Amino acid sequence: MQRELEIKKFLTKPKKIVITTHFKPDGDALGSSLGLYHWLKGNGHDVQVIVPSDYPQFLDWLPGKDDALIYTQAPTRSQEIIAEADLIFCLDFNNLSRINAMQEVVRSAPGYKYMIDHHLDPEGFEDDGLWDPAAAAAAQLVFRFINTTMDAGAQITADIATCLYTGIMTDTGSFRFRSTTAEIHLIIARLIECGAKNWEIHEKIYNSSSESRLKFLGFALLNRLEVIPEYNTALIYLTKQDLAQFNVITGDTEGLVNYALSIKGVRLAALIIDRIELRKLSLRSIGDIPCNEICKNNFNGGGHLNASGGSSHDDLESVIRTFKSVLPDYKEILTKN
Ligand code: 5GP
Ligand code: MN
């Protein structure tokens, strides 16, 4: 049930606030959360960021990251803080299943839930929020929240700017996806004015691979890439043994699916990973090919038109088979010029 509350007025007095984001936070999830964290803290609120799981090493420098709690490492403390919060910000997700073990804890918490998100198909758990599926990143919406909703654009510090820049940069593929509008570039210009060191952020995010990660990428491209020319589709799969052999850690597979999509003529790319509990899928496409529909109908997932994810409890071979069996349904759109 939705509860009315005027957020700007509500935030004029110090509040207990939790910020959470989706499982396995990416640059936008963590960047938007920490950006909002710095702003709320600067305004005298008692703020705790709680993420459902660990996050990639290449984000392990973001300002404020040491103040964030990882739910799986401190479940009891996290539950207490969530239960006591006046306000729970839910960033970069719109379905509580995306916060895994925190799902019921947040659902049953009495705090007012404010969602800031840019994915399609919201579940509707929130009391209020900023939802815009045309936005390139949750960090763009956090900028809008601070700048417009709160009328506090002058309070954007270098730390806030750094976090929001990271979120927008990672979710737009360094400002090259279709979601990169003139507004995005104007926001980015403003964030640089506020102190985001753009070159340094690029360096930290993209030039921080370990030697073993690079060798793992080489292995995957050489041995696990399959192109299906009749459907202009490419897929990369990774077995449990591959993950073990290369000591693959959170973040190591980030961006791998984009290599499959970078092949000339390929319009749909999949990355299928045989994780311990389930098989995780990442889909990317160009043009009107609806990754989100494919994920929603076949892999219990969703996301954006051109970038979606999902999962399955079937074994790896079955998931690959299911993925291939879907392609004929999209033949026309996959093969049109
Ligand atoms: P990725 O492939 O990078 O994990 O995710 C791509 C996009 O799909 C992201 O916007 C992400 O939030 C969304 N996504 C990833 N996995 C899932 C999932 O299991 N369910 C839903 N609904 N969305 C997902
Ligand atoms: Mn996002």
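The chain appears in an unreviewed UniProt entry as DHH family phosphoesterase from Rhinopithecimicrobium faecis.

> Please explain the domain arrangement of the chain as it appears in this structure.
By a widely used convention, the size of an interface equals the accessible area lost when the partners come together. When the domains of the chain are assigned, the result is domain 1 (7-206) and domain 2 (211-335). Here domain 1 and domain 2 have C-alpha centroids that lie 27 Å from each other. Taken together, the residues of the side of domain 1 that touches domain 2 sort by class into four nonpolar, two polar and four charged.

> Please explain the sheet that holds strand E5 (residues 112-117) as it appears in this structure.
Pairing between the strands of a sheet is mediated by backbone hydrogen bonds and can be parallel or antiparallel. In space, the six strands of this open sheet follow the order E3-E2-E1-E4-E5-E6, with parallel pairing throughout. For this open sheet the edge positions go to strand E3 (69-70) and strand E6 (128-131), each flanked by a neighbour on one side alone. The strands touched by helix H2 (residues 27-42) are strand E1 (16-21), strand E2 (46-51), strand E4 (87-91) and E5; relative to E1, the strand with the most contacts, the crossing angle is about 165 degrees. Set on the sheet, helix H3 (residues 75-84) makes contact with E1, E2, E3 and E4; between it and E2 the angle comes to about 130 degrees.

> Is there a simple way to think about the site of ligand 1 in this case?
Residues in contact with ligand 1 amount to 13 residues; listed here are only the nearest, Ser-282, Gly-301, Gly-302, Gly-303 and Gly-309. Looking at the shell around ligand 1, the element that brings in the most residues is strand E12 (residues 307-312), giving five residues. Looking at the shell around ligand 1, its residues break down into one nonpolar, 12 polar and no charged. For the shell around ligand 1, the two domains that each supply at least three residues are domain 1 (7-206) and domain 2 (211-335).

Definitions and limits used
Residues numbered from 1 in each chain as written. Chains lettered and ligands numbered in written order. Predicted model: local features only at pLDDT ≥ 70, side-chain atom pairs only at ≥ 80, totals over all residues. Domains from an automatic or database assignment. Nonpolar A, V, L, I, M, F, W, Y, C, P; charged D, E, K, R; others polar. Pairing = 2+ DSSP bridges. Helix = DSSP H or I, 4+ residues; strand = E, 2+ residues; numbered from the N terminus. Contact = placed C-beta atoms within 7 Å. Axes fitted to C-alpha atoms, helices over the stretch in contact; angles between N-to-C directions. Near = placed C-beta within 6 Å.

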